[in-house]
Amino acid sequence: MSPKRRGLVAAVLGACLTLVLPLNTVTAQPGTTSTPERTLFEIIANTPQDRTKVARTGVDVLGTDGPRLTVIAEARQQWALRATGLPMTDLGDVDAQLAALGKSDFTDPQVGTQDFPSGYAGYHNFRETVAELNQTVTDHSDLVKLSSIGKSYENRDLWMLKISDNPGVDENEPEVLFTCNQHAREHLTVEMCLRIIKQYTDNYATNPTVKNLIDSREIWVIPMVNPDGVEYDIASGQFRSWRKNRQPSNGTDPNRNWGFQWGCCGGSSGSATSETYRGPSAFSAPETARIRDFVNGRVVGGTQQIKTHIDWHTYSELILWPYGYTYADTAPGLDANQANAFATLGRRMAATNGYTPQQSSDLYITDGSVNDWMWGVHKIWSYTFEMYPKGASPGFYPRDTLIAAQTARNDSAVELFLTYSDCVPRIIGRTC
Ligand code: GEM
Ligand code: CA
Ligand code: CA
Ligand code: ZN
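First things first, this report covers the structure right here in the doc. (Residues numbered from 1 in each chain as written. Chains lettered and ligands numbered in written order. Predicted model: local features only at pLDDT ≥ 70, side-chain atom pairs only at ≥ 80, totals over all residues. Heavy atoms only, no water.)

**As for the sheet that holds strand 1 (residues 38-44)**
Here comes step 1: Overall, antiparallel pairing links the 4 strands, which are arranged 2-3-1-4 in an open sheet. In this open sheet, the two strands that pair with only one neighbour each are strand 2 (60-65) and strand 4 (88-93). On average, each strand axis in the sheet is tilted by 20° relative to the strand beside it, whichever way the strands run.
Here comes step 2: Pairing of strand 1 with strand 4, which is carried by 5 bridges, proceeds in the antiparallel orientation. Bridging from a neighbouring strand, Thr 39 pairs with Asp 93 of strand 4. (Pairing = 2+ DSSP bridges. Helix = DSSP H or I, 4+ residues; strand = E, 2+ residues; numbered from the N terminus. Axes fitted to C-alpha atoms, helices over the stretch in contact; angles between N-to-C directions.)

Okay, structure coming up:
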């Protein structure tokens, strides 16, 4: 339908509906799926138990700043949120706030869909990310190798770049994995992966520290784990605040879909409309299944080659480590020394970027998260970084002028992480 005609239909519909509906009733926009009213709330939850209680109501937890949780509640969820008895403040209509961030006039010529709105043009959509990766291959063919680990639900390639000396050879060097953008709206994380790629290729010839790390490690970077979600988040020209992938009917949360303690502990939802829907079975999402296949394939001669992993998210400025499924500091497969090594490297990295370091479940319980699987199944030292900002403004949508500073902010943490990636327990004086 043409915009003009759609406007006319909307106007006519609107005129009819005002006769029968009470004021403030939000009607679905023609041409989109019917979205219920979404309201932003701040809610004070001082303990992990209280924060888990909030997450279990099914609301969309956007981020945390100490005890202050910012959530989106649909109309049907608000009673459950109030029933927690926790103090809460209504921060207004979400979609109005998303509209105020801007509406894109740009159509990406090669894919014919809307691109990021003005003020956000510095972010990379799927096509631009692929172009950037190909440019890196052109510029640094001696240092990188590009491959696809398979396809997303909507058939986009899940691209992965390997960075090392002799990238075409599987050398006996500790391997490191970076994954970005499991969650669609967390666009700053794509820029973080692209930043890491630039740092460790462009500076190889001039920076001895970079050269040393690249010569002694094999680094795998997957900049866009959830390309379908990214494109959907921007496709209408206005941000949707979309989190999940695009599997029918309403998406699966990739970070609840991993097959370790999947769905065990009330840290995910079995309801398809929830923002933390875990899917019908572990690895039902093609995006998580392809990363699983890749990581399983790095077991060579009985030894997992990948030693460390960071999964990048926004927002809240946190560094998190396993487990997320239990409040306990130690659990089967995670002893006190290992917990100490996780915490020590986590704190050392946080000292360089000003983030808050903590075990993931100190935030709230999650099950089926990537960190728990990487550690629980493969003993990969796996962290989540929750990037800038700390709070709901600007939340998932910082202007592109902030990309440079907020990705460079993690340079030292990434360097420290790579330095200890041969043997994380070394940081507490233990051997591997
Ligand atoms: C988090 S990241 C997972 C952290 N794990 C625990 N136990 N809190 C998520 O996936 O919900 C936040 C985010 O989406 O960025
Ligand atoms: Ca190498
Ligand atoms: Ca190797
Ligand atoms: Zn996330």
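**Digging into the coordination of the calcium ion (ligand 3)**
Here comes step 1: Surrounding the calcium ion (ligand 3) are the protein donor atoms Asp 170 (OD), Glu 171 (O), Glu 175 (OE) and Glu 218 (OE), which sit 2.1 to 2.4 Å from the metal.
Here comes step 2: All donors of the calcium ion (ligand 3) come from a single chain, and their spacing in sequence reads D-E-x3-E-x42-E. (Donors = N, O, S within 2.8 Å, 3.2 Å for Na, K, Ca; no water.)

**Side note on the coordination of the calcium ion (ligand 2)**
Here comes step 1: Here the calcium ion (ligand 2) is held by the protein donor atoms Ser 164 (OG), Asp 165 (O), Asp 165 (OD), Glu 171 (OE), Glu 173 (OE) and Glu 173 (OE), which lie 2.2 to 3.0 Å from it.
Here comes step 2: We note that the donor set of the calcium ion (ligand 2) lies within a single chain, spaced as S-D-x5-E-x1-E.
Here comes step 3: The buried category is assigned to Asp 165, whose relative accessible area is 16%.
Here comes step 4: On the basis of relative accessible area, Glu 173 is assigned to the buried category, the value being 11%. (Buried < 20%, exposed > 50% of the residue type's maximum accessible area, 1.4 Å probe, protein only.)

**Some details on the environment of Phe 283**
Here comes step 1: Here Phe 283 lies in the loop between helix 8 (227-234) and helix 9 (286-296).
Here comes step 2: Each C-alpha atom of the pair Phe 283 and Asn 257 lies 5.5 Å from the other, and the pair is 26 residues apart in sequence.
Here comes step 3: Setting aside residues up to four positions removed in sequence, Phe 283 forms contacts with Asn 257, Trp 258, Gly 259, Thr 288, Ala 289, Arg 292 and Trp 373. (Contact = heavy atoms within 4.5 Å.)

**Considering the state of the cysteines**
Here comes step 1: Following the criterion strictly, the structure yields 3 disulfides and no others.
Here comes step 2: Here Cys 264 engages in a disulfide with Cys 265; their sulfurs sit 2.1 Å apart. Between Cys 264 and Cys 265, the S-S torsion sits near -105°, and that sign places the bridge as left-handed.
Here comes step 3: Take Cys 265: its relative accessible area is 25%, and that puts it in the partly exposed class. (Disulfide = S-S within 2.5 Å.)

**Quick word on the pattern of salt bridges**
A pair can form between side chains of opposite charge whenever their charged atoms are brought close.
Here comes step 1: All told, the structure shown has 22 salt bridges when counted by the stated rule.
Here comes step 2: Across the pair Lys 53 and Asp 50 runs a salt bridge, and its minimum N-O distance is 3.9 Å. Remark: Asp 50 and Lys 53 occur in helix 2 (residues 48-56); sequence separation between them is 3 residues, near one turn of the helix.
Here comes step 3: Between Arg 290 and Asp 293 there is a salt bridge whose closest N-O contact spans 2.8 Å. Residue Arg 290 and its partner Asp 293 are both found in helix 9; the two are separated by 3 residues, about one turn of the helix. (Salt bridge = Lys/Arg side-chain N within 4 Å of Asp/Glu carboxyl O.)

**Considering the packing of helix 6 (residues 188-202) against helix 13 (residues 411-419)**
Here comes step 1: One can describe the packing of helix 6 onto helix 13 by two numbers: an axis separation of 11 Å at closest approach and a directional angle of 65°. What the angle tells us is that helix 6 and helix 13 run roughly perpendicular. Pair helix 6 / helix 13 crosses with right-handed handedness. Contacts between helix 6 and helix 13 pair Met 192, Arg 195, Ile 196, Gln 199 and Tyr 200 from the former with Asp 411, Val 414, Glu 415 and Leu 418 from the latter.
Here comes step 2: Classifying every residue of the contact of helix 6 with helix 13 gives 5 nonpolar, 1 polar and 3 charged. (Parallel < 35°, antiparallel > 145°, perpendicular 65-115°, else oblique. Left-handed = near helix turned anticlockwise from the far one by under 90°. Nonpolar A, V, L, I, M, F, W, Y, C, P; charged D, E, K, R; others polar.)

**Let's talk about the site of ligand 1**
Here comes step 1: Surrounding ligand 1, one finds 15 residues, the nearest of these being Arg 243, Arg 256, Tyr 364, Thr 366 and Glu 386.
Here comes step 2: Residue Tyr 364 places a main-chain N or O atom 2.9 Å away from a nitrogen atom belonging to ligand 1.
Here comes step 3: Its free accessible area being 400 Å², ligand 1 has 98% of it covered by the protein chains.
Here comes step 4: Under a 2 Å grid-point criterion requiring more than half of the atoms, the pocket assigned to ligand 1 is the largest cavity.
Here comes step 5: Per-class residue counts for the shell around ligand 1 are 3 nonpolar, 8 polar and 4 charged. (Near = heavy atom within 4 Å. Polar contact = N/O pair within 3.5 Å; in protein donor to acceptor, adjacent residues only side chain to side chain. Areas by Shrake-Rupley, 256 points an atom, 1.4 Å probe, with all protein chains shown as cover. 1 Å grid on protein atoms, 1.4 Å probe; cavity = no way out; pocket = protein on both sides within 12 Å on 5 of 7 lines; lining within 4 Å. Sits in = over half its atoms within 2 Å of the grid points.)

**Here we look at unusual backbone geometry**
Negative phi characterises most residues that are not glycine, and trans characterises most peptide bonds.
Here comes step 1: Geometrically, the link from Tyr 388 to Pro 389 is a cis peptide bond, its omega value of -5° lying close to zero.
Here comes step 2: Note on placement: Pro 389 falls in the loop between strand 14 (381-387) and helix 12 (403-408).
Here comes step 3: In this structure, the amide linkage connecting Ser 393 to the following residue, Pro 394, adopts the cis form with an omega of 10°.
Here comes step 4: Non-glycine residue Ser 241 carries a positive phi angle of around 60°.
Here comes step 5: A positive phi angle is found at Glu 317, which is not glycine, with a value near 60°.
Here comes step 6: By secondary structure assignment, the location of Glu 317 is in the loop between strand 11 (306-314) and strand 12 (318-321).
Here comes step 7: The exposure class of Glu 317 is buried, given its relative accessible area of 7%.

**Some details on the packing of helix 9 against helix 11 (residues 370-378)**
Here comes step 1: For the pair helix 9 and helix 11, interaxial distance at closest approach is 12 Å and the crossing angle is 30°. Between helix 9 and helix 11, the angle falls in the class roughly parallel. Like other packed secondary-structure pairs, helix 9 and helix 11 cross with a definite hand, here right-handed. When helix 9 is examined against helix 11, the residues Ile 291, Arg 292, Val 295 and Asn 296 are found in contact with a partner set consisting of Trp 373, Met 374 and His 378.
Here comes step 2: Class assignment of the residues belonging to the contact of helix 9 with helix 11 gives a composition of 4 nonpolar, 2 polar and 1 charged.

Geometric values such as these leave the question of function open.
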